[in-house]
Amino acid sequence: RVIVPNYIMSRPNCLEASNLYAVCCRNECEDLLSHLESQIGSSAAEPLKIAEMVANLPSDMVPAPRNLSQPLMDRLFQVARNNYGRVPLHGRLFAQWMHHAY
């Protein structure tokens, strides 16, 4: 459950430099996940579809297209096996997988 005012007023990507100002950065992971969500249109997807999209989704540090490693693919399929063949996009395991992918 998210308490909206607390979420809006939080600054998870900020360095509190002083009481007067903070230095904040965008969270690139949120941008990548947002792109996947808009393309998939669901809260879960088949692992092959996710792998294809991630392989073609560049970030500031990772070029595309690229080949995903076999251990990375195996881990994605393991997440799917634990969730009836689909990977939940908002789960902890997928977030960890995305961290390793990028």
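The structure under discussion appears in the preceding block.
All of the points below concern the structure found in this document. (Residues numbered from 1 in each chain as written. Predicted model: local features only at pLDDT ≥ 70, side-chain atom pairs only at ≥ 80, totals over all residues. Heavy atoms only, no water.)

What follows concerns the packing of aromatic side chains. In total, this model carries one aromatic pair according to the counting rule given. The interplanar angle of 15° and the centroid separation of 5.8 Å between the aromatic rings of Phe-94 and Trp-97 together place this pair among those described as stacked. A residue pair is termed a helical-turn pair when its members lie 3 or 4 positions apart in one helix, as Phe-94 and Trp-97 do in helix α5 (residues 92–101) at three residues. Considered together, Phe-94 and Trp-97 belong to a single accessibility category, that of buried residues. Taking NZ or CZ as reference, Arg-66 lies 4.8 Å from the ring centre of Tyr-102, over its face. (Phe/Tyr/Trp six-rings, centres within 6.5 Å; stacked < 30°, edge-to-face > 60°. Helix = DSSP H or I, 4+ residues; strand = E, 2+ residues; numbered from the N terminus. Buried < 20%, exposed > 50% of the residue type's maximum accessible area, 1.4 Å probe, protein only. Lys NZ or Arg CZ within 6 Å of the ring centre and 35° of its normal.)

A word on the layout of surface pockets. Computed from the structure, the largest pocket encloses a volume of approximately 270 Å³. Lining of the largest pocket is provided by 13 residues; of these, Cys-29, Leu-33, Leu-89, Ala-95 and Met-98 occupy positions nearest its centre. Of all the secondary-structure elements, those providing two or more residues to the lining of the largest pocket are α2 (28–40) and α5. Broken down by element, the residue count for the lining of the largest pocket peaks at five residues, all from α2. Per-class residue counts for the lining of the largest pocket are eight nonpolar, three polar and two charged. (1 Å grid on protein atoms, 1.4 Å probe; cavity = no way out; pocket = protein on both sides within 12 Å on 5 of 7 lines; lining within 4 Å. Points joined across faces, edges and corners; volume = space filled by probe spheres on them. Nonpolar A, V, L, I, M, F, W, Y, C, P; charged D, E, K, R; others polar.)

Glancing now at the packing of α2 against helix α3 (residues 47–55). One way to put it is that α2 packs onto α3 with a least axis distance of 11 Å and a crossing angle of 130°. In this view, α2 runs oblique relative to α3, as classed from their interaxial angle. As for how α2 packs across α3, the hand of that crossing is right-handed. Taken together, the residues of α3 that come into contact with α2 (itself represented by Leu-36, Gln-39 and Ile-40) are Lys-49, Ile-50, Met-53 and Val-54. Among the residues making up the contact of α2 with α3, the classes are represented as five nonpolar, one polar and one charged. (Axes fitted to C-alpha atoms, helices over the stretch in contact; angles between N-to-C directions. Parallel < 35°, antiparallel > 145°, perpendicular 65-115°, else oblique. Left-handed = near helix turned anticlockwise from the far one by under 90°. Contact = heavy atoms within 4.5 Å.)

Before going further, it helps to examine the pattern of salt bridges. Here the structure, examined in full by the defined rule, presents one salt bridge. Linking Arg-86 and Glu-46 is a salt bridge whose minimum nitrogen-to-oxygen distance equals 2.8 Å. Within this pair, whereas Arg-86 is found in the loop between α4 (70–81) and β4 (87–88), its partner Glu-46 is found in the loop between β3 (44–45) and α3, the two being separated by 40 residues in sequence. Residue class for Arg-86 comes out partly exposed when judged on its relative accessible area of 30%. Owing to a relative accessible area of 38%, Glu-46 belongs among the partly exposed residues under this scheme. (Salt bridge = Lys/Arg side-chain N within 4 Å of Asp/Glu carboxyl O.)

This brings us to unusual backbone geometry. Each neighbour pair has its own omega, and for Ala-64 with Pro-65 the value is 0°, a cis peptide bond. Locating Pro-65 in the fold gives a position in the loop between α3 and α4. With a phi angle near 60°, Tyr-84 is a residue other than glycine that sits in the positive phi range. Topologically, Tyr-84 is positioned in the loop between α4 and β4.

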